[in-house]
Amino acid sequence: MTVAEGLPAAGDGGGDRGPGARLHEREAELRSAGQAIGALTRTGDGPGGGASGEVLLYTGAAGLGKTTVLTEVRREAAGAGCTVLFARGGEQRRHEPFHVVRQLVQPVLAGLSDGERARVLGPWEDIVGPAVGLLRPGGQLDPQGVRDGLDFVLTRLVQLRPPVAVIVDDLHWADPESLGWLAGVAVRARELPALLVLACRDEFPDGVLALERALAAAADRCHRLRPLRPASVAHLVREALGAGAEDAFCRDVWSVTAGNPYETTALLREVLDQQLDPVGENTEQLRELAANARGMTLRHWLDKLGPTTLRFAWAASMLGTDIRPELAAAICAQSPDTAAGSVRELRRHRVLTSAPGGRLEFVHPLVATSLYQSMPPATRTGMHGVAAVEVENAGLGLLAASRHLLELLPEGDGAIVAKLRRAAREHLAIGAPEAAQRCLRRAISEPPADEDRATVLYELGCSALLTDPATTVNQLRLALAEPEGLGPGVRVDATFRLAQALAHSNRLDEAAAVCAEEAARTSPGPGRLRLEVAHFMFAVFQSVDEDGPGRSKRLAEFARMLDTVGLAFTDALTDAGSGSGTDVDVDVDEVQLFEQDGLAHAVAVLRCWDLTLRGADREQALALAESALPHGRLPSSLGWTNTTWGFELPGILGISYLYADRVDRAEELFTEAVRAYEVAGWSGGHLGFAHLLTGMLRFRCGALAEAEDHLRRALRIAGRIGPGIPLHWDAVGALAETLAARGRLAEALELAQKHGFGPPYPSVMVLPDAPTLYGRLLLARGDASGAAEALAAAGAALDARGWRNTVWAPWLGHLARAVAGDQPERARALAGEAVRRARESGTDSAIGSALRLSASVHERPYAAELLEQAVRHLERSPARYEHAVALVDLGEALGTGSGARDALARGLELATRCDADGLADRARALLG
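Residues numbered from 1 in each chain as written. Predicted model: local features only at pLDDT ≥ 70, side-chain atom pairs only at ≥ 80, totals over all residues. Heavy atoms only, no water.

Quick look at the overall build of the chain
Counting secondary structure elements, the chain contains 46 helices and 7 strands. Taken along the three principal axes of its C-alpha coordinates, the chain extends 110 × 85 × 50 Å. Counting only contacts in the chain whose residues sit at least 6 apart along the sequence, the fraction spanning at least 24 positions is 69%. Element-wise, carbon and sulfur atoms account for 51% of the exposed surface of the chain, whose accessible area totals about 37200 Å². Separation of charge centres in the chain, based on 97 positive and 120 negative side chains, amounts to 4 Å. (Helix = DSSP H or I, 4+ residues; strand = E, 2+ residues; numbered from the N terminus. Contact = heavy atoms within 4.5 Å. Areas by Shrake-Rupley, 256 points an atom, 1.4 Å probe, with all protein chains shown as cover. Lys, Arg positive; Asp, Glu negative; His and termini not counted. Charge placed at Lys NZ, Arg CZ, Asp CG, Glu CD.)

A closer look at the sheet that holds strand β4 (residues 195-201)
Spatial strand order, β2-β3-β4-β1-β5: 5 strands in an open sheet with parallel pairing. Pairing within the sheet leaves two strands with one partner each, and these edge strands are β2 (83-88) and β5 (221-224). Adjacent strand axes in the sheet meet at a mean angle of 10° when their direction is disregarded. Relative to β4, strand β1 (residues 54-60) runs parallel, the two sharing 7 bridges. By the bridge assignment for β4, Thr59 is matched with Cys200. (Pairing = 2+ DSSP bridges. Axes fitted to C-alpha atoms, helices over the stretch in contact; angles between N-to-C directions.)

Quick word on helix α31 (residues 618-627)
Every buried residue belonging to α31 is among Arg618, Ala621, Leu622 and Ala625, and all of these are buried. All buried residues of α31 lie within an arc of 95° about the axis, which places them on one face of the element. Buried residues along α31 sit in contact with α30 (599-613), α32 (648-659) and α41 (824-841). (Buried < 20%, exposed > 50% of the residue type's maximum accessible area, 1.4 Å probe, protein only. Arc of directions from axis to C-beta.)

Thoughts on the pairing of β4
Counting buried positions along β4 yields 7 of 7 residues, so the element is predominantly enclosed. Burial along β4 is two-sided: the residues Leu195, Val197, Ala199 and Arg201 and Leu196, Leu198 and Cys200 are all buried. Strand direction decides the pairing type here: strand β3 (residues 164-169) and β4, joined by 4 bridges, are parallel. Each bridged residue has a counterpart across the sheet, and for Val168 the counterpart in β4 is Leu198. Following the backbone out of β3, through helix α8 (residues 176-187) and into the adjacent parallel β4, one traces a crossover that is right-handed. (Right-handed = clockwise from strand over helix to strand, strands pointing away.)

Regarding the environment of Val674
Along the chain, Val674 falls in helix α33 (residues 663-680). Residue Val674 is classed as buried on the basis of its relative accessible area, which comes to 16%. Sequence-wise, Val674 and Asp277 are 397 residues apart; in three dimensions their C-alpha atoms are separated by 74 Å. Not counting chain neighbours up to four residues away, the residues in contact with Val674 comprise Leu687, Ala690 and Thr694.

Considerations on the nonpolar core
Counting 218 residues, the largest nonpolar core has Phe312, Leu371, Phe538, Trp609 and Trp640 as its most contacted members. Here this core gets 10 residues from one element, more than from any other, and that element is α30. Those residues within four positions of Phe538 in sequence are excluded, and the remaining contacts are Phe496, Ala499, Gln500, Ala503, Leu508, Ala511, Ala512 and Cys515. Residues Leu109, Leu112, Leu150 and Leu160 belong to the second largest nonpolar core, which totals 49 residues. (Core = buried A, V, L, I, M, F, W, Y, C linked by side-chain atoms within 4.5 Å.)

Focus on the pattern of salt bridges
The full count for this structure, using the stated rule, is 63 salt bridges. A salt bridge links Arg521 to Glu518; its shortest N-O distance comes to 2.9 Å. With a gap of 3 residues between them, Arg521 and Glu518 both fall in helix α26 (residues 508-521), about one helical turn apart. For Arg521, a relative accessible area of 58% gives the class exposed. With a shortest N-O distance of 3.2 Å, Asp844 and Arg876 are connected by a salt bridge. In this pair, Asp844 sits in helix α42 (residues 844-855) while Arg876 sits in the loop between α43 (862-874) and α44 (880-894), placing the two residues 32 residues apart along the sequence. Among the residues examined, Arg876 registers a relative accessible area of 54% and is labelled exposed. (Salt bridge = Lys/Arg side-chain N within 4 Å of Asp/Glu carboxyl O.)

Considerations on the state of the cysteines
What is meant by a disulfide is a covalent connection between two cysteines, made through their sulfur atoms. This model, assessed by the stated rule, comprises 0 disulfides. Of all cysteine sulfurs, the one in Cys462 lies closest to Cys439, which takes part in no disulfide; the gap is 16 Å. Taking the relative accessible area as the measure of exposure, Cys439 reaches 1% and is therefore buried. (Disulfide = S-S within 2.5 Å.)

Quick notes on the packing of aromatic side chains
Within this structure, the stated rule accounts for 11 aromatic pairs. When the ring of Phe699 is compared with that of Tyr881, the centres are 6.4 Å apart and the planes differ by 45°; the resulting orientation is tilted. On the criterion of sequence distance, the pair formed by Phe699 in helix α34 (residues 685-700) and Tyr881 in helix α44 is long-range, its members being 182 residues apart. With respect to burial, Phe699 and Tyr881 carry one shared label: buried. A ring pair is formed by Tyr761 and Tyr774, whose centres lie 6.3 Å apart and whose planes are at 70°; its orientation type is edge-to-face. Residue Tyr761 is located in the loop between α37 (745-754) and α38 (770-781), and its partner Tyr774 is located in helix α38; the two are separated by 13 residues in the primary sequence. For Arg74, the ring lying beneath its charged end belongs to Phe86, and the centroid distance is 3.7 Å. (Phe/Tyr/Trp six-rings, centres within 6.5 Å; stacked < 30°, edge-to-face > 60°. Lys NZ or Arg CZ within 6 Å of the ring centre and 35° of its normal.)

Thoughts on helix α35 (residues 704-721)
Each α-helix turn comprises 3.6 residues. Residues three or four places apart therefore point the same way. Here α35 contains 18 residues, and its C-alpha end-to-end distance of 26 Å stays within 8% of the 26 Å for a straight helix at 1.5 Å per residue. Every buried residue of α35 is accounted for by Leu704, Ala707, Glu708, His710, Leu711, Ala714, Leu715, Ile717 and Ala718. As for α35, its buried residues are in contact with α34, α36 (726-741), α37, α44 and α45 (898-914). Looking at the residues trailing α35, positive phi occurs at Gly722, about 145°. (Expected span 1.5 Å × (residues − 1).)

Thoughts on unusual backbone geometry
Put simply, Leu192 and Pro193 share a cis peptide bond, and its omega is -10°. Of note, Pro193 is situated in the loop between α8 and β4. Of note, the amide linkage connecting Leu767 to Pro768 takes the cis form, showing an omega dihedral of 0°. Among the structural elements, Pro768 can be located in the loop between α37 and α38. Although it is not a glycine, Gln275 sits at a positive phi angle of roughly 55°. Position of Gln275 relative to the elements: it lies in the loop between α12 (261-274) and α13 (283-295). You will see that Asp915, though not glycine, has its phi angle at about 65°, which is positive. On the secondary structure map, Asp915 appears in the loop between α45 and α46 (917-927). Residue classification places Asp915 among the partly exposed residues on the basis of a relative accessible area of 28%.

Topic: the pairing of β3
Buried residues dominate β3, accounting for 6 of its 6 residues. In this sheet, β3 lies alongside β2 in parallel orientation, the contact comprising 6 bridges. Each bridged residue has a counterpart across the sheet, and for Val84 the counterpart in β3 is Ala165.

Notes on the environment of Ser317
Here Ser317 lies in helix α15 (residues 307-319). Judged by its relative accessible area of 1%, Ser317 falls in the buried class. Once you skip the residues sitting within four places of it in the chain, Ser317 turns out to touch Gln92, Phe362, Ala368, Leu371, Tyr372 and Met375. Looking at Ser317, its side chain comes within polar contact range of the main-chain oxygen of Trp314, at 2.6 Å. (Polar contact = N/O pair within 3.5 Å; in protein donor to acceptor, adjacent residues only side chain to side chain.)

Details of the confidence of the model for the chain
Put simply, the chain has an average pLDDT of 87, and 91% of its residues get 70 or more. Summarising per-element confidence for the chain, the mean pLDDT is lowest in helix α1 (residues 3-6) (30) and highest in α42 (98). Predicted confidence for residues 1-21 stays below pLDDT 50, and this span has 51 contacts to residues more than four positions away or in other chains. A low-confidence stretch, residues 573-586 (pLDDT under 50), is modelled with 9 contacts involving residues beyond four sequence positions or located in other chains. (pLDDT = per-residue confidence, 0-100.)

Thoughts on the packing of helix α5 (residues 114-121) against helix α7 (residues 143-160)
At a closest axis distance of 7 Å, the pairing of α5 and α7 adopts a crossing angle of 130°. One way to sum up the angle between α5 and α7 is to call them oblique. Within the contact between the two elements, α5 uses Glu116, Arg119, Val120 and Leu121 and α7 uses Phe152, Val153, Arg156, Leu157 and Leu160. Its residues assigned to classes, the contact of α5 with α7 shows 6 nonpolar, no polar and 3 charged. (Parallel < 35°, antiparallel > 145°, perpendicular 65-115°, else oblique. Nonpolar A, V, L, I, M, F, W, Y, C, P; charged D, E, K, R; others polar.)

Right, dumping it as structure tokens:
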């Protein structure tokens, strides 16, 4: 009888336990799993029946039997008819992005028909496919987009093959990308419904502690496995060594192993190998054997396996999970026959066991860890180098090989640098920027050649742009400071991306300054022009500008200069191509850059936005907006996913249309934004910004419930990215304004206070204007003095900058209302100025809203006249909510009679359609 045959499985993680084997002291844990599986498979009416999803979490120290418990759970779930998705984290594969996700998803997708697979992947195939290994990587993907796509796939699997059980062992070694997704699945497991069963050690690595806590918080049932009691250890001893094992010996086994099932089983194997009698007199030898079994040093493994078999075991430990025998043989340079002999020996010693598909796996992760750590450092490094080559030769690609490259010692090898850079691009293409950054940091430490260092730093900075602006800022600053620096075109792009990262971190003044400083150092041409335009773009988003009017003038002069440059380029290119023989000095590359970068269109958008904020005539602003849309569509250089300018320019173009009452144009642009980001899988800040814009559009059109939905989505996305970013402030402001319009003032104030939406105000320009909105909320609450202070401060700052738009910041009209009780003459003067400014813009919604606010500080019947004018303007505008408010105000001002009741009835109907519940209640009360 072999050693393996002589020992029972005892919660030690063995993968080949029979169904009848008994788990000691794990009955409660298995009973809990059985109850969860029963709840999941319960039938009922409707999709998913009466099924209920749960999260089960098993924790405990290494060797306490978590793997064996999960093996039983897998068997029971499969026996109950569940579609089981199983994966195991691997210590050596924790830096391989989406390793756990691929284990979960690939087998079940392989078992589907082509039609079923298409249904499961749906529109997310191009986003999810590269991450799960179904498609070759393409362009850079947003990590949140990949997670959203995986959510879609899991939801479709639940619908197609219910019930679904997702089981993950050794979660502490899951790759960060998979772990982040699983944390989200845990939160919504019940609503899917799906059963999520996880097992992890207590000693989580620092990098995943927060996610582990989130999973524990989401768990419906959390079981902490405890060591075995002395009686259970005695039972194991007698099963392995015979019923004659003395009580003192059994007690000593429990004592030296602390009741750990894995260590107990390992010790008993040593006892069998040494043919030690199970009697009390052998206690000292027992302790020596326990120390030897626990330590598993190089000497231990050499004595046990011999050098040839040990070398194969080392190669297998490098592969971790899902071990391909032929690949392990290639890594340790063994022939097929020699490798087959090594595998037989490793099975005999219960180091390796069989896995599906002809693969191998370790009987317990601790065995793999022990073998890996027993390697001499030089041997380990050398085998990683061989493994990197062999993994790539096996067709597994740089995604799998790169983790081995990370373990090599730096030698200044340019080929290694090139491979790491390629691997980084592939990681970005599957939505794993953190893995890309690991490769690029390792490339820098190689180090690269002096002439390549700046470029590698640039690539490292760009890899973090979507997820870690601080890293982007640091690395791009280093890249730009390199003496053997970037080429002119890449340097311009690096500066622009640095400015973007600064702007997205609420450091807009630095963003504008870095563009201006680099432009001054750049030779004349399209690159310099791009930086100068970027300077204007980031400066306009600052909440404070000491020279706002001067900057507007300089922008207009710059636009005229750019028109001249563009005409010169075009004329020169025409002359050069006419064959006239004229000696023309023209740089065709510069002409193409000028056109590709869309400089003229970008400046047109900025000029349009500047006029919009200044409250200038809408026709001038609209003419500039139209000039930025050749053939009525966004040019490619201004596309929502184009990285030349980012999403800011198409965003402010759409808002300019919105403030000019051209909601048709705004809706076309914002709908295109959502579609573009969903197709590209950009589910982070970009999609959040698209929802923000759509919410603002819906608010403007009086669809307040739809606006609230979009704005809440934007706020949720902002929350995932981090507090204090521009999207966060914009979403809070627009949502608070929407809630107040719906009559939920207390909720709006609570939201504003929760997110610190008050003085001191954010340094970024907020849509709507933060101080103005805060003053309006205070005024609605009845705090006239506080509102007056906030609104007066807002107005002073905006006037100093020359921004007089009464739609974005209607501070004058609301300040008039705030001071009307104590200073009626001043109130009427302020309201009159607001109307005058609104008329300058020529926008019906602006004029109507200003007239409505003006009426609130005048007595009847003049107030009614103003409100009648307001209604006429607003009914020609898309601002349905403002129209409804004006109608109700008019009905109240008219007092009695059919005219009053007609206005109130119309106002009530429109308020109801707008979901403005508070306004509707007010109209009903006035109607009696």
